[in-house]
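# Structural description and commentary
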Amino acid sequence: MQEMQAYLASIPYVEGFKKKLQEVVNAEGFYEYTFYLIFSMLNVYVRTQVKCAGGRIDMVVWMPNITYVFELKVNGTAQNALAQIDDRGYAFPYQAENRKVVKIGVKINAETRTIEDWAVGTL
């Protein structure tokens, strides 16, 4: 998460894109898209807006031995995001897989456009 935080902080904005960026910085979908691009370029299997019985999971990342379930919050806290994963049972569909399941709640700072805080839990 520290590497993702540093990477996001290093992305420069294009001057002509500054106004458009201000319109989307509060939208979680903007960060889901950005995380998706980063993981996909690393050749990691990732999906966003994954439907399950409890709703839609912001992002699921599958690694050889671990499945990561992410909830992102622009307005809220990392603990709120982690609680949402638990309250809505987002991680339950993956507990039958032969992998460890890690839940990650992420707080995005709209002003700095990077990760402000995160909380981690396991099943």
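Attention here is on the structure that accompanies the text. Values in this document were obtained by computation on a predicted structure and should not be read as measured data.

What counts and how
- Residues numbered from 1 in each chain as written.
- Predicted model: local features only at pLDDT ≥ 70, side-chain atom pairs only at ≥ 80, totals over all residues.
- Heavy atoms only, no water.
- Helix = DSSP H or I, 4+ residues; strand = E, 2+ residues; numbered from the N terminus.
- Buried < 20%, exposed > 50% of the residue type's maximum accessible area, 1.4 Å probe, protein only.
- Polar contact = N/O pair within 3.5 Å; in protein donor to acceptor, adjacent residues only side chain to side chain.
- Contact = heavy atoms within 4.5 Å.
- Phe/Tyr/Trp six-rings, centres within 6.5 Å; stacked < 30°, edge-to-face > 60°.
- Arc of directions from axis to C-beta.
- Salt bridge = Lys/Arg side-chain N within 4 Å of Asp/Glu carboxyl O.

## Structural notes on the side chain of Thr67
Tracing the sequence through the fold places Thr67 in strand β3 (residues 66-73). Relative accessible area serves as the criterion here: at 0%, Thr67 is assigned to the buried category. A distance of 3.0 Å separates the side chain of Thr67 from the side chain of Glu97, its partner in a polar contact. Among all residues touching Thr67, those that are not within four sequence positions of it are Val60, Val61, Trp62, Tyr94, Glu97, Arg99, Lys100, Val101 and Val102.

## Observations regarding unusual backbone geometry
One non-glycine residue, Gln49, lies in positive phi territory at about 50 degrees. Tracing the backbone through its elements, the reader meets Gln49 in strand β1 (residues 45-52).

## Some thoughts on the environment of Arg113
Checked against the element boundaries, Arg113 lands in the loop between β4 (100-109) and β5 (114-122). Sequence-wise, Arg113 and Ile11 are 102 residues apart; in three dimensions their C-alpha atoms are separated by 9.2 Å.

## As for the packing of aromatic side chains
Within this structure, the stated rule accounts for six aromatic pairs. With centroids separated by 5.9 Å and ring planes inclined at 75 degrees, the aromatic side chains of Trp62 and Tyr94 adopt a geometry described as edge-to-face. In this pair, Trp62 sits in strand β2 (residues 55-62) while Tyr94 sits in the loop between α4 (78-87) and β4, placing the two residues 32 residues apart along the sequence. Note on Trp62: relative accessible area 17%, which makes it buried. A residue is classified by how much of its surface remains accessible, and Tyr94, at 7% relative accessible area, is buried. Arranged with centres 6.4 Å apart and planes meeting at 45 degrees, the rings of Tyr68 and Phe70 form a pair that is tilted. Three or more aromatic residues link up through ring pairs in this structure, and these residues are Phe35, Phe39, Tyr68 and Phe70.

## Describing α4
Buried residues of α4: Ala78, Ala81, Leu82, Gln84 and Ile85, and no others. Buried positions in α4, seen along its axis, are confined to an arc of 155 degrees and lie on one side of it. Facing away from the buried side of α4 by over 90 degrees, the exposed positions are Gln79 and Asp87. Remark: Gly89 follows α4 within two positions and exhibits a positive phi of approximately 65 degrees.

## What about the pattern of salt bridges?
What the rule picks out here adds up to three salt bridges. With its nearest N and O atoms 2.6 Å apart, the salt bridge here joins Asp86 to Lys103. Placement of the pair is Asp86 in helix α4 and Lys103 in strand β4, with a sequence separation of 17 residues. Judged by its relative accessible area of 7%, Lys103 is buried.

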